[in-house]
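Coordinate analysis (summary)
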Amino acid sequence: MSMAREYNFDGLVGPSHNYAGLSFGNVASARNFGSVANPKQAALQGLAKMRALASRGFAQAVLPPQLRPNFSLLRTVGFSGSDAEVIARASREAPAILACAYSASPMWTANAATVSPSADTADGRTHFTVANLNNKLHRSFEHVETERALRAIFAEEKFFAVHGALPSTPAFGDEGAANHTRLCASYGMSGVEVFAYGRVEFEPDAPAPRHFPARQTLEASQAIARRHGLHEQRTIFVQQDPATIDQGVFHNDVIAVGNGNVLFYHQQAFVNEAETISALRRAMENVGAELRPIRVTADEVSVADAVSSYLFNSQLLYRPDGQMILVVPQECRENQAVSRYLQSLVESEDPIDELISFDLRQSMRNGGGPACLRLRVVLNDAEAATMHQGVIMTNDLYGQLVAWVEKHYRDCLAPEDLADPLLAVEIRTALDELTGILRLPGLYDFQR
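Residues numbered from 1 in each chain as written. Predicted model: local features only at pLDDT ≥ 70, side-chain atom pairs only at ≥ 80, totals over all residues. Heavy atoms only, no water.

On to the overall build of the protein, then. Summing up its helical and strand segments, the protein has 17 helices and 15 strands in all. In terms of overall dimensions, the protein is globule-like: its C-alpha atoms have a radius of gyration of 21 Å, near the 22 Å expected for 448 residues. Projected onto its principal axes, the C-alpha coordinates of the protein cover approximately 60 × 45 × 45 Å. Looking at the 448 residues of the protein, the share that counts as buried comes to 60%. For the protein, contacts bridging at least 24 residues in sequence account for 76% of all contacts bridging at least 6. Working note: accessible area of the protein is about 16,900 Å², and carbon and sulfur atoms make up 49% of it. (Helix = DSSP H or I, 4+ residues; strand = E, 2+ residues; numbered from the N terminus. Rg over C-alpha atoms; globule rule 2.2 N^0.38 Å. Buried < 20%, exposed > 50% of the residue type's maximum accessible area, 1.4 Å probe, protein only. Contact = heavy atoms within 4.5 Å. Areas by Shrake-Rupley, 256 points an atom, 1.4 Å probe, with all protein chains shown as cover.)

Looking now at the layout of surface pockets. A volume near 490 Å³ is recorded for the largest pocket. Lining the largest pocket are 24 residues, and of these Ala 4, Arg 5, Glu 6, Tyr 187 and Tyr 318 sit closest to its centre. Those elements that provide at least two residues to the lining of the largest pocket are strand 1 (4-11) and strand 12 (315-318). By residue number, the principal contributor to the lining of the largest pocket is strand 1, which donates four residues. (1 Å grid on protein atoms, 1.4 Å probe; cavity = no way out; pocket = protein on both sides within 12 Å on 5 of 7 lines; lining within 4 Å. Points joined across faces, edges and corners; volume = space filled by probe spheres on them.)

Before going further, it helps to examine the sheet that holds strand 12. Read across the open sheet, the three strands follow the order 12-13-14; overall the sheet is mixed. If you trace the sheet from one side to the other, it starts and ends with strand 12 and strand 14 (352-358), each paired once. Pairs of neighbouring strands in the sheet enclose a mean axial angle of 25 degrees, with direction left out of account. With six bridges joining them, strand 13 (residues 324-329) and strand 14 adopt parallel strand pairing. Paired with Val 328 across the strands is Ser 357, a residue of strand 14. Contacting strand 12, strand 13 and strand 14, helix 2 (residues 39-55) runs over the sheet at an angle of about 145 degrees to strand 14. Running at roughly 140 degrees to strand 14, helix 13 (residues 336-347) makes contact with strand 13 and strand 14 of the sheet. (Pairing = 2+ DSSP bridges. Axes fitted to C-alpha atoms, helices over the stretch in contact; angles between N-to-C directions.)

So, on to unusual backbone geometry. The linkage connecting Arg 68 with the following residue, Pro 69, adopts the cis geometry, with an omega of 0 degrees. With respect to the helices and strands, Pro 69 occurs in the loop between strand 2 (59-63) and helix 3 (71-76). Positioned with a positive phi, Leu 133 is a non-glycine residue whose angle comes to about 50 degrees. Looking at the secondary structure, you find Leu 133 in the loop between strand 4 (126-130) and helix 6 (137-140).

Below, the discussion takes up the nonpolar core. Within soluble globular proteins, side chains that are nonpolar tend to cluster in buried spots. Among the nonpolar cores identified, the biggest contains 126 residues, and Phe 9, Phe 154, Phe 264 and Leu 342 are the most heavily contacted of them. Excluding residues that lie within four positions of it along the chain, Phe 264 makes contacts with Ala 256, Val 257, Ile 294, Val 296, Leu 311, Phe 312, Leu 326, Tyr 341 and Leu 345. Of all hydrophobic cores here, the second largest spans seven residues; its members include Leu 166, Ala 223, Ile 224 and Leu 230. (Core = buried A, V, L, I, M, F, W, Y, C linked by side-chain atoms within 4.5 Å.)

Axis separation between helix 4 (residues 83-93) and helix 5 (residues 95-102) bottoms out at 6 Å; the angle between their running directions is 130 degrees. Between helix 4 and helix 5, the interaxial angle falls into the category oblique. For the pair helix 4 and helix 5, the contacting residues are Ile 87, Ala 90, Ser 91, Arg 92 and Glu 93 in the first and Pro 95, Leu 98 and Tyr 102 in the second. Partitioning the contact of helix 4 with helix 5 into residue classes produces five nonpolar, one polar and two charged. (Parallel < 35°, antiparallel > 145°, perpendicular 65-115°, else oblique. Nonpolar A, V, L, I, M, F, W, Y, C, P; charged D, E, K, R; others polar.)

We now examine the environment of Glu 354. Structurally, Glu 354 is set in strand 14. Look at Glu 354 and you get partly exposed, because its relative accessible area is 22%. As for Glu 354 and Gln 343, which are separated by eleven residues in sequence, their C-alpha atoms are 9.6 Å apart. Once residues lying within four places of it in the same chain are set aside, the contact partners of Glu 354 are Arg 56, Arg 319, Met 324, Ile 325, Leu 326 and Val 346. At 3.1 Å, the side chain of Glu 354 forms a polar contact with the side chain of Arg 56. A polar atom in the side chain of Glu 354 sits 3.0 Å from the side chain of Arg 319. (Polar contact = N/O pair within 3.5 Å; in protein donor to acceptor, adjacent residues only side chain to side chain.)

Turning to the pattern of salt bridges, a few remarks are in order. Scanning the entire structure with this criterion turns up 24 salt bridges. Notably, a salt bridge pairs Glu 6 with Arg 376, separated by 3.9 Å at the nearest N-O pair. You can see Glu 6 sitting in strand 1 and its partner Arg 376 sitting in strand 15 (residues 374-380), a full 370 residues away along the chain. One exposure class covers both Glu 6 and Arg 376, and it is buried. Its salt-bridge partner being Glu 142, residue Arg 139 comes within 2.8 Å of it at the nearest N-O pair. (Salt bridge = Lys/Arg side-chain N within 4 Å of Asp/Glu carboxyl O.)

Counting buried positions along helix 8 (residues 218-228) yields eight of eleven residues, so the element is predominantly enclosed. What helix 8 keeps buried is the set Leu 218, Glu 219, Ala 220, Ser 221, Ala 223, Ile 224, Ala 225 and His 228. Taken together, the buried residues of helix 8 touch strand 3 (113-116), strand 4, strand 5 (160-163), strand 7 (192-197) and strand 8 (235-239). Just beyond helix 8, the residue with positive phi is Gly 229, at close to 70 degrees.

Here the focus is the pairing of strand 13. Counting buried residues along strand 13, six of its six residues qualify, which places the element largely inside the surrounding structure. Taking every second residue as pointing to the same face, both faces of strand 13 are buried, with Met 324, Leu 326 and Val 328 on one and Ile 325, Val 327 and Pro 329 on the other. Of the pairings in the sheet, the one linking strand 12 to strand 13 comprises four bridges and is antiparallel in character. Bridge pairing in strand 13 links Gln 315 to Val 327. Taking the residues between adjacent antiparallel strands as the criterion, strand 12 and strand 13 are bridged by five residues, where Gly 322 takes a positive phi near 90 degrees.

Quick look at the structure:
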């Protein structure tokens, strides 16, 4: 049996990174609406995290940003003329729609797709279902370019199956891997795939949040499991606590994260905590593993502190020695309750014994932490050798990308700057050069 590793594909922050407050239900996004963003700093912060983890021996890769603004969206809703004329009219008549067209949200690749490794699927291939993200206008058109990028990177159909997005209707609301995790004894063996959902479309009496939207439906999660050919006894569907969603937990990865046989979660993450943990224990027994839950109580860390610090939106990674590290945003060090909890965690007998923190403030102010920035893909040796190699993070690639960012990105971007027609030209020029660095020719429409 070939060895398998977990690759983290981080989104490269795009040149149009800005604070438009487009994501209702995301507390940080709303709080920083209208602030001045620094796209260059945002991209460099993300790249620094990628390089640091790659240098520690973790398998690290990058996904490219998408083309912005989305002129197809702007023209579909009635703006016509040259590109500059479209931008000018949209900025006067519908600045919120222009902001949607410029959104750099594809940087959060945890929402790009749901991934099932070959050890779990009926046909022995790694399956991807691109997320439709239909709950928010600014994200609802991402799936087109996401699918194109994934097909370019995972092109060998012998090993990979890339599925397009589910129907873009509320019944199949799908936000990707932010509501999915995989538990296992080892990466190359069959695991337990855990799908978290916020509401049930065809059961109107089922629990649901009252204030913020539930973005993932049970129906979408079930459809993905069928598409991927997952085994019924190794597939678990769990519901997020609606009251917790209403406190700003818009995705499950804001309140829980798992890896290997460890589930790190808040006691208010799920509708029925006891039943959820029992079901996971039984499923793990089916794959010859024992679940190791790490439960954080409300007395230790409140939901509000978890949301503001993004404690659970952290990366849980295995070191070669079998112990685990938790990659947290700097905000976890600055929140007194969270910092105190983390200190007790690494001193306990639990498997997490090391913390790494990164300054990701540009992403955090828009509501995305370390876990939002990455899509996890488990690959065995043969699969890893077959995927496109130009996106794997190396010291050389890091240096090229830093130079590229320094050359093309603005230091400041305010909402009113989206009206500048030169911004669109700058972004196109930058992305045209990027495809050469990543060896992905023809990735964008304007290159075809």
